[in-house]
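Chain and residue survey
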Amino acid sequence: MTRTICLALTGASGMPYGLRLLECVLAAGCRVQLLYSPAAQIVARQEMDFDLPSRPADAKAALLARLPAVDPEMLAVFGREEWFAPVASGSNPPDAMVVCPCSMGTLAGIAQGLSDNLIERAADVVLKESRKLILVPRETPFSIIHLENMLRLARAGAIILPPSPGFYGHPQKVGDLVDFVVARILDQLAVPHALLPRWGE
Ligand SMILES: Cc1cc2nc3c(=O)[nH]c(=O)nc-3n(C[C@H](O)[C@H](O)[C@H](O)COP(=O)(O)O)c2cc1C
């Protein structure tokens, strides 16, 4: 059966992780429900010279232009206040959700159960429905507030997966570092991939 993954892009540094993850999850045949914040649009432009339009239909077209092999039916893009999106309700949760990159603001909102926008609400739904929630938080250093929010979320069942690439595989380029992190996320999602050789093989 086709799996549905909700991917939220927020305004932390690390947009290359989010967009590479989108590419890999779609390539593996999963259906993707993509959410993004206004700050994610700013970071996408800053880090990747990528314009992620405000209108979800335009954002979908811009993403598909980067991924020409993808069946458009496999990607749904929703706006921040699109409360009729499937992910807004526990009656139709995705199989898993990843927030990548995850800002400290969104992390705090999810930790407090605010559900103030579709990203926070979708994460709230995924937690309450006992589906897998993977957060890829990016900040350095972490304050006690950040750490307490992460601990609270981990206790609630979320996977805290910091973008911390290992160097033991002798990465040669930035893309190798990105793929290291994306490989760990795909492993958590049980999505098959061959991004990196596995240790001991
Ligand atoms: C270029 C850029 C990089 C940023 N990097 C981070 C970051 O690494 N971590 C973080 O928590 N916030 C970062 N911020 C700040 C967030 O974008 C800001 O707190 C925003 O309100 C988050 O909103 P969101 O959670 O709705 O995306 C960055 C902002 C910009 C413009």
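Here's a quick rundown of the structure.

About the thresholds
Residues numbered from 1 in each chain as written. Predicted model: local features only at pLDDT ≥ 70, side-chain atom pairs only at ≥ 80, totals over all residues. Heavy atoms only, no water. Core = buried A, V, L, I, M, F, W, Y, C linked by side-chain atoms within 4.5 Å. Buried < 20%, exposed > 50% of the residue type's maximum accessible area, 1.4 Å probe, protein only. Helix = DSSP H or I, 4+ residues; strand = E, 2+ residues; numbered from the N terminus. Contact = heavy atoms within 4.5 Å. Polar contact = N/O pair within 3.5 Å; in protein donor to acceptor, adjacent residues only side chain to side chain. Phe/Tyr/Trp six-rings, centres within 6.5 Å; stacked < 30°, edge-to-face > 60°. Lys NZ or Arg CZ within 6 Å of the ring centre and 35° of its normal.

Turning to the nonpolar core, a few remarks are in order. In terms of nonpolar packing, the biggest core is built from 42 residues, with Leu-34 and Val-98 touching the most fellow members. If one sorts the elements of this core by residue count, helix H1 (residues 15-27) sits on top with eight residues. In this structure Val-98 touches Ile-5, Cys-6, Leu-7, Ala-8, Leu-21, Ile-134, Val-136, Ile-185 and Leu-189, once residues within four positions along its chain are discounted. Ranked by size, the runner-up nonpolar core spans 25 residues in total, among them Ile-110, Leu-127, Leu-153 and Ala-158.

For the rest of this paragraph, the subject is helix H5 (residues 118-128). Taking burial as the measure, the 11 residues of H5 include eight buried ones, the bulk of the element. Taken together, the buried positions of H5 are occupied by Leu-118, Ile-119, Glu-120, Ala-122, Ala-123, Val-125, Val-126 and Leu-127. Where H5 begins, the capping side chain belongs to Asn-117, and its oxygen is found 3.0 Å from the backbone nitrogen of Ile-119. Looking at the residues trailing H5, positive phi occurs at Ser-130, about 60 degrees.

Once that is clear, we can look at the side chain of Asn-117. Mapped onto the fold, Asn-117 is located in the loop between helix H4 (104-111) and H5. Asn-117 sits in the buried class, given a relative accessible area of 6%. Only 2.9 Å separates the side chain of Asn-117 from the backbone nitrogen of Glu-120, close enough to count as a polar contact. With residues up to four places along the chain from it excluded, the contact list for Asn-117 reads Arg-80 and Trp-83.

A few words now on the packing of aromatic side chains. This model, assessed by the stated rule, comprises two aromatic pairs. Geometrically, the ring pair formed by Tyr-168 and Phe-180 is edge-to-face, given 5.8 Å between the ring centres and 75 degrees between the ring planes. Here Tyr-168, found in the loop between strand S6 (159-160) and helix H7 (174-189), pairs with Phe-180, found in helix H7; they are 12 residues apart in sequence, far enough to count as distant. The exposed category is assigned to Tyr-168, whose relative accessible area is 51%. Both rings, one in Tyr-168 and one in Trp-199, keep their centres 5.5 Å apart while their planes meet at 75 degrees; by these two values the pair is edge-to-face. Within this pair, whereas Tyr-168 is found in the loop between S6 and H7, its partner Trp-199 is found in the segment after H7, the two being separated by 31 residues in sequence. Taken individually, Tyr-168 and Trp-199 each receive the classification exposed, so the pair is uniform in this respect. Here the aromatic residues Tyr-168, Phe-180 and Trp-199 are joined through ring pairs into a cluster of three or more. The cationic tip of Arg-66 hangs over the ring face of Phe-50; the distance from NZ or CZ to the ring centre is 4.6 Å.

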